[in-house]
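Single-letter residue listing:
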Amino acid sequence: MTENEQQVAGLVLAAGGGRRLGGRPKALLQHHGRPLVEHAVGVLRAAGCTRVHVVLGARADAVRERAELAGCVLVENPEWEQGMGTSLRAGLDSLAGTGARAALVSLVDQPGIGPEAVGRVLAAYRDETSLASAAYDGVRGHPALFGSAHWTGIAETATGDRGARAYLKAHESAITLVECGDVAQPYDIDTEADLVHLE
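Residues numbered from 1 in each chain as written. Predicted model: local features only at pLDDT ≥ 70, side-chain atom pairs only at ≥ 80, totals over all residues. Heavy atoms only, no water.

A. Molecular detail of the nonpolar core. The biggest cluster of nonpolar side chains holds 45 residues, and the ones touching the most others in it are Val12, Val37, Val54 and Leu104. Of all the secondary-structure elements, those providing two or more residues to this core are strand S1 (8-14), helix H2 (36-47), strand S4 (52-56), helix H3 (60-66), strand S6 (102-107), helix H5 (115-122) and strand S7 (131-136). Among the elements that make up this core, the one with the highest residue count is H2 (7 residues). Setting aside residues up to four positions removed in sequence, Val54 forms contacts with Val12, Ala14, Val37, Val41, Cys72, Val73, Leu74 and Val75. Ranked by size, the runner-up nonpolar core spans 24 residues in total, among them Ala15, Ala103, Leu131 and Tyr167. (Core = buried A, V, L, I, M, F, W, Y, C linked by side-chain atoms within 4.5 Å. Buried < 20%, exposed > 50% of the residue type's maximum accessible area, 1.4 Å probe, protein only. Helix = DSSP H or I, 4+ residues; strand = E, 2+ residues; numbered from the N terminus. Contact = heavy atoms within 4.5 Å.)

What follows is the structure, encoded as structure tokens:
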């Protein structure tokens, strides 16, 4: 196990209720015959994250029941309806005190982003001051890596559906962009039309 793998925790944001999908929680959408949240955890593990925290919200009990998430730390976000920002805060809070020096944050509804892209972003980790993000043709996207020195600042600005956007905009010059457009597709599963991406 490399030093990176011990010090960087994977964090899957999987609390969304799938409002535009008729209220089907994204974590439970099927991909290759398994819930999407299971796929997301598998990608982080395949990329080298040995510690994985998963933030649940919508129908959390059903997700626990149906998804095979053994070995993950499951974090319940009671405020999930207020948007992704609350899930990011809950996830970062859950990592405080674990010894993790960075969080590699991925979204449950981006199954086009696989271990190769995640591994590239993981490799950008240097220490707790690291800030890195996947880029697609130069445009910043997910996953993102946040060194623990940034967690408090990110949590303070993570509101609504914006997550870390405000913080990253303010610290743009510090972000290492890792081009992943050749190995991943950053589409989201947001609407019925997007379900074509699931297999």
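Now that the structure has been shown, we can carry on.
B. Molecular detail of the sheet that holds S1. With mixed pairing, 7 strands are arranged side by side in an open sheet as S5-S4-S1-S6-S8-S7-S9. Each end of this open sheet is capped by a strand with a single partner; those strands are strand S5 (73-76) and strand S9 (176-179). Adjacent strand axes in the sheet meet at a mean angle of 25° when their direction is disregarded. Where S7 meets strand S8 (residues 139-147), 5 bridges bridge the pair, whose relative direction is antiparallel. Among the inter-strand pairings, Tyr136 is bridged to a residue of S8, identified as Val139. Relative to the sheet, H2 contacts S1, S4 and S6, its axis offset from that of S1 by approximately 165°. Sitting on the sheet, helix H4 (residues 84-95) touches S1, S4, S5, S6 and S8, and the angle it makes with S1 is about 150°. (Pairing = 2+ DSSP bridges. Axes fitted to C-alpha atoms, helices over the stretch in contact; angles between N-to-C directions.)

C. Main features of a positive patch on the surface. A surface patch of positive charge is lined by Arg140, Arg162, Arg165 and Lys169. In this structure, Arg165 sits in helix H7 (residues 165-170). Exposure remark for Arg165: the relative accessible area of 51% places this residue in the exposed category. (Patch = residues over 30% accessible without salt bridge, like charges linked within 9 Å, V, L, I, M, F, W, Y side chains within 5 Å. Areas by Shrake-Rupley, 256 points an atom, 1.4 Å probe, with all protein chains shown as cover. Salt bridge = Lys/Arg side-chain N within 4 Å of Asp/Glu carboxyl O. Lys, Arg positive; Asp, Glu negative; His and termini not counted. Charge placed at Lys NZ, Arg CZ, Asp CG, Glu CD.)

D. Structural view of H2. Helix length check: H2 (12 residues) gives 17 Å between terminal C-alpha atoms against 16 Å at 1.5 Å per residue, within 8%. Of all the positions in H2, only Leu36, Val37, Glu38, Ala40, Val41, Val43, Leu44 and Ala47 are classed as buried. Among the residues trailing H2, Gly48 stands out with phi positive, at a value near 120°. (Expected span 1.5 Å × (residues − 1).)

E. Structural view of the pairing of S6. Burial analysis of S6 places 6 of its 6 residues in the buried class, which makes it a mostly covered element. Burial along S6 is two-sided: Ala102, Leu104 and Ser106 facing one way and Ala103, Val105 and Leu107 facing the other are all buried. Pairing of S1 with S6 involves 6 bridges; the strand directions are parallel. Looking across to S6, one finds that Val12 is bridged to Ser106. Where S6 meets S8, 4 bridges bridge the pair, whose relative direction is antiparallel. If you follow Val105 over to S8, its bridge partner there is Ala144.

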